[in-house]
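Spelled out from the first residue to the last, the chains are:
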Amino acid sequence: PIPHWQPSAAAFGPAIAAMDTLVRVVAEAQAAGHVRDDVAADEVAQVLATLTVGVIGQQLANEPGVPAGQGRASRHAASFASMFLKEYGTTRRTT
């Protein structure tokens, strides 16, 4: 981070829009019974975004030329997804 720096509204807008979309998708997954609904959609979305961006960031910063399935962090994507679903998923299905 750069001290006292803030992105312009135009520069930060796409990130806000992407997070808004993720919150909406999580809320839809909650309504469909795929994700726990006892946790706020924005909280679940923040955890999912952080997990995803963390893995991508590790891959790009440390092994940009390595295929995702072979990266130190990215090769564990299925495990990360499993952990996320164990914490936030539900077996209740309404479809």
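Residues numbered from 1 in each chain as written. Predicted model: local features only at pLDDT ≥ 70, side-chain atom pairs only at ≥ 80, totals over all residues. Heavy atoms only, no water.

Colleague: Any chance you could break down unusual backbone geometry for me, citing the residues and the numbers?
Modeller: The phi dihedral of H4 falls on the positive side, at around 65 degrees, and the residue is not glycine. Mapping H4 onto the fold places it in the segment before α1 (9-31). (Helix = DSSP H or I, 4+ residues; strand = E, 2+ residues; numbered from the N terminus.)

Colleague: Outline the packing of aromatic side chains, listing residues and values.
Modeller: One pass over the full model with this rule turns up one aromatic pair. Between the aromatic rings of F84 and Y88, the centroid separation amounts to 5.2 Å while the plane-to-plane angle is 40 degrees, which identifies the pairing as tilted. Here F84 pairs with Y88, and both are found in helix α3 (residues 77-88), just four residues apart, close to one helical turn. The exposure classification of F84 matches that of Y88, with both residues buried. (Phe/Tyr/Trp six-rings, centres within 6.5 Å; stacked < 30°, edge-to-face > 60°. Buried < 20%, exposed > 50% of the residue type's maximum accessible area, 1.4 Å probe, protein only.)

Colleague: A description of the pattern of salt bridges should follow, citing residues and the corresponding values.
Modeller: Summed over the entire model, instances satisfying the criterion amount to four salt bridges. We note a salt bridge from E28 to R24, for which the minimum N-O separation is 3.1 Å. Within this pair, E28 and its partner R24 are both found in helix α1, separated by four residues, close to a single helical turn. You can call E28 partly exposed: its relative accessible area is 46%. Notably, a salt bridge pairs R36 with E87, separated by 3.5 Å at the nearest N-O pair. Here E87 lies in helix α3 and R36 lies in the loop between α1 and α2 (41-62), a separation of 51 residues in the sequence. Classification of E87 as partly exposed rests on a relative accessible area of 43%. One network of salt bridges, in which partners are shared, links R36, D38 and E87. (Salt bridge = Lys/Arg side-chain N within 4 Å of Asp/Glu carboxyl O.)

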